[in-house]
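Chain by chain, the residues run as shown.
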Amino acid sequence: MKGRSVPKQLLNRFAPYLLVIAAFAAVRAVQARVGLSSSFEGQLIPICCYIVMAVSLNLVVGISGELSLGHAGFMSVGAFSGVIAATALQSSISSGLVRLAVAMAVGALCAGVAGMIIGVPVLRLRGDYLAIVTLAFGEIIKNVINCLYIGYDSGGLHFSFKSEADLHLAEGGAAIIKGPMGATGVTKLSTFTVGFILVLIALFVVINMIHSRSGRAIMALRDNRIAAESVGIGATKYKLMAFVTSAVLSGSAGALYALNYSSVVAKKFDFNTSILILVFVVLGGMGNICGSVVAAAFLTILPELLRKLNLENLRMLVYAIVLILVMIATNNPILKGALNHLWERITRRTARAEKGEKVQ
Amino acid sequence: MDFLYNLINGISLGSIYAIIALGYTMVYGIAKMLNFAHGDVIMVGAYICFFAVSSFNMPPVVGVLLAMAVCTVLGIVIERLAYKPLRQAPSLAVLITAIGVSYFLQNAALLLWKSDPKVFPSVVGNDVIKLPNGLPITYITMVTVLACVVIMVALTLFTSRTKMGKAMRACSEDKAAAQLMGINVNTTISMTFAIGSALAAVAGVLLCSAYPALMPTTGSLPGIKAFTAAVFGGIGSIPGALLGGILLGVIEIFARAYISTQLSDAIVFAVLILVLLVRPTGLLGKQVSEKV
Amino acid sequence: MSMPKREPTKLVPVPNPNIIPERDVDKSPILEARHLGIDFGGLTAVSDFNMAIGRTEIAGLIGPNGAGKTTVFNLLTKVYQPTRGSILMDGIDTAGKTTVQVNRMGIARTFQNIRLFSNLTVEENVKIGLHNYIKYGAVQGIFRLPGYWKEERIAGERTMELLSIFDMQDLARDKAGSLPYGVQRRLEIVRALATNPALLLLDEPAAGMNPSETAELMENIVKIRDTFQIAILLIEHDMNLVMGICEGIGVLNFGQVIAKGTPEEIQNNPEVIKAYLGSGKGE
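What you see is a predicted model, and the numbers here were worked out from it, not measured in a lab. (Residues numbered from 1 in each chain as written. Chains lettered and ligands numbered in written order. Predicted model: local features only at pLDDT ≥ 70, side-chain atom pairs only at ≥ 80, totals over all residues.)

## Observations concerning the overall build of chain C
- In terms of regular secondary structure, chain C is built from 10 helices and 10 strands.
- Within chain C, buried positions represent 42% of all 283 residues.
- Partitioning the intrachain contacts of chain C with sequence separation of at least 6 by distance along the chain shows that 69% fall at a separation of at least 24. (Helix = DSSP H or I, 4+ residues; strand = E, 2+ residues; numbered from the N terminus. Buried ≥ 20, exposed ≤ 12 C-beta atoms within 10 Å, placed from the backbone. Contact = placed C-beta atoms within 7 Å.)

Printed below as a string of structure tokens:
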């Protein structure tokens, strides 16, 4: 493939930002004039979270080339640590916005630490075995949080695996995480604007990392690990970099997600959620950041759209069929060749129309 | 006394995982794909048997055979419609498609049979025999272990002695070369899915006989666990599936009994991780090194 | 028919001393392999391999197919760890070192089956070779601090210089996977050179090239040695190339060195002739 011209390259790089900003502006405009349906309003913040999750997972799966099946685990760690931070700081910090920011930072940090702890052993494995271990870790995180009791009082945080009573909280203290019931009575702090900013931050970090020395190293390791090592690039260091960065972003998204609801349980961040995000990444195109944004947003809205079309019962069924058909359409060589051919004819026609016909 | 009881239960549960794991490992060995829909085929098999026995009052054996027949057809249909067009595609694309099929099966079951748990009648009744030391063992436990042993032996003989079995082994080594030798790769792959799905039906029946609540999501978690068992034992290896499955079942039951019921799943997965870190290709897996 | 004289490619000397560190030029060998050997289970692939390569020598390693030549390369670059013997790189033992560490010590290589980063551009492939010489960290990269812009610019200039060895500057933004075979081979050499090696290992660099391309390659290899003052060890089957530019040649058969010497000595060595052609007595 001939190299793209510089302006086209820049457009590719900034397309995700433009798309997200345009979408945000559009939503705000519609909200001001006509107002959005309540179900759609309720989806705004989750869409932001899922976009960040998809972009961060794309860093691991598309750019680093490692299949991670437990990504919801990082979201979970971020969610619950964010809730703990937000609730524990309720008395000290009055501004909801600042509490939200702190919670997201705490979520990011905790998820990052988890990413480091998990990444160091896991990234030594290859292919399907790495996938299985990430799946296992995701399940472990879900299981452990499900049994966890965390409360706080004037003395600080208390942990227990047995029961709420076992926390021995002092007067004025309260349990934040109550085992299988998760976190309840959480003050909703998340806003769509904050979600939008988080998406921009995620895009900034991921896109800039890709177009830097570290990104090149990560992609080189993906394309040909042995060759990359032969030119002095350490595999563990850079794979870990992608993994931990991805975990940090997911943790932040998790905190935002949790603080959008009054209660959240660990079962929400299970294998199905991990797979959901993986579907966003694969459908949007591996390594294609713009694609992840579009796929995450579209596929989160799709079930709601189908509900509107009174296909309530068939909703998930149609979703599954659409998924299968799209995968076959985009991967079957015969179909793919036909579609590519069609695309080239269209782009050639428009290019010629713009420039005017050139005599051969 | 307790120990023996838990061990037997563990082996029984492990046998079910082993039978399911076989389906995963055979398909992976030959078609090089992770068939995520496998767990849901188990569920379908269980439902077919349930309706055969409860609604149509067929004898349990007929119910099982019917379930096997339906699942075999289902497996072949899935393979032809969803996986065959993607033979040349990257493995991640096939994985996502398999996930789509899994979602499809679960939601179709939800539509057809609703989400309320059905009480599955045990196919061998609920009789119990008592061992000399007074330990009670249910019929279903014994039948499960026996079924697992029989299936393993049959499968090993099949792959080593019969023409189709050898064709399967050839395809798992090198599809192109197998084709050049006159082996019909399409038929071989379909056969693999057929066998795997039939086994899934058996596993579904045995699973629901031992743990009677049946819902559209019943196959999901055992499917994941059996998948990890297959990788644990070394993906692509039939004895590995057996070993991985049994070990996983035993570890799960022991964790539940001696450590904590809620954390038992976490413990099982933690053991898996530890083993894979020590033996990165699973217990009986092949060490494949890249040629430079 | 005489080949038209090509303008020698203009090689710009190193502009920035920070990228290429100073290297002493003295007379000790850059690489010494002593009794090197490796067993794969029951199979001994290489045994008692001894070789010394001068600091600016162009050396050759030849032998029939399956003799173990690429295995020697893999041993030198620690893709396999030797089971016997030692490798001294500039006097320092490389025992226990990894591929990455040994590259930092100054060995770079190309591969028999080309290993490029096919989804990246030509320019990016070379920049990855420069990776350890580009001095900014992940944080500076993400936040686009001044260090990023400066180092990327220098790296870009250095990349163009390196590409100019083979006249490949115009291909900088093409995807590596889309290049013709011969160009891919040359890109691999450029990428290896970017790591600033003291010893360059070339695995069948002329494979798939026609005689005029091979002649050009021969010139370029000598020019690389003269400009960068490095040692080069190459595996080749093309005898014109080997006898034409190599100063010392080792012959490998069944994992063992059966002859060593200058091209003239090797050409007349009966063991070498027997290894390639057989003894002719109907064995």
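Don't stop here, the text continues.
## A few points about the nonpolar core
- With 294 residues, the main nonpolar core has Cys 48, Ile 51, Val 52 and Ala 54 of chain A together with Ala 46 of chain B as its most contacted residues.
- Once you skip the residues sitting within four places of it in the chain, Cys 48 of chain A turns out to touch Gly 195, Phe 196, Leu 198, Val 199 and Leu 256 of chain A. (Core = buried A, V, L, I, M, F, W, Y, C linked by C-beta atoms within 7 Å.)

## A closer look at the sheet that holds strand 3 (residues 58-62) of chain C
All names here are of chain C.
- Ordered by their spatial adjacency, six strands build an open sheet running 6-7-8-3-9-10, and the pairing between neighbours is mixed. The sheet terminates laterally at strand 6 (107-109) and strand 10 (256-261), the two strands that pair on one side only. With direction set aside, neighbouring strand axes in the sheet form an average angle of 20 degrees.
- Two strands pair when backbone bridges link them, and strand 7 (residues 199-203) and strand 8 (residues 231-235) are joined in this way by five bridges, in the parallel orientation. Note on strand 8: the bridge partner recorded for Leu 201 is Leu 233.
- Each of strand 3, strand 6, strand 7, strand 8 and strand 9 (248-253) is contacted by helix 1 (residues 69-76), which is oriented at about 150 degrees to strand 7, the strand it contacts most. (Pairing = 2+ DSSP bridges. Axes fitted to C-alpha atoms, helices over the stretch in contact; angles between N-to-C directions.)

## Focus on the confidence of the model for chain C
- Put simply, chain C has an average pLDDT of 84, and 88% of its residues get 70 or more.
- Note that pLDDT drops below 50 for residues 1-26 of chain C; the model gives that stretch 20 contacts with residues more than four away or on any other chain. (pLDDT = per-residue confidence, 0-100.)

## Digging into the sheet that holds strand 4 (residues 84-89) of chain C
All names here are of chain C.
- Read across the open sheet, the four strands follow the order 2-1-4-5; overall the sheet is antiparallel. Two strands bound the open sheet, and with one partner strand each, they are strand 2 (43-53) and strand 5 (92-93).
- Pairing of strand 4 with strand 5 involves two bridges; the strand directions are antiparallel. The residue bridging Leu 88 from the neighbouring strand is Asp 93, located in strand 5.
- Lying on the sheet, helix 1 is in contact with strand 1 (31-40), strand 2 and strand 4; it crosses strand 2 at an angle near 70 degrees.

## Some details on the interface of chain B and chain A
- If you look at the interface, chain B gives 35 residues, while chain A gives 32 residues.
- At 12 residues, the largest contribution of residues to the side of chain B that touches chain A is made by helix 4 (residues 91-113) of chain B.
- The class makeup of the residues in the side of chain B that touches chain A is 26 nonpolar, seven polar and two charged. (Nonpolar A, V, L, I, M, F, W, Y, C, P; charged D, E, K, R; others polar.)

## Comments concerning the pairing of strand 3 of chain C
All names here are of chain C.
- The buried fraction of strand 3 is high, at five of five residues.
- Neither face of strand 3 is open: one carries Ile 58, Gly 60 and Ile 62, the other Ala 59 and Leu 61, and all of them are buried.
- Alignment of strand 3 against strand 8, held across four bridges, turns out to be parallel. In the sheet register, Ala 59 faces strand 8, and the bridge partner there is Leu 233.
- With four bridges joining them, strand 3 and strand 9 adopt parallel strand pairing. Bridge assignment links Ile 62 to a residue of strand 9, and that residue is Val 251.

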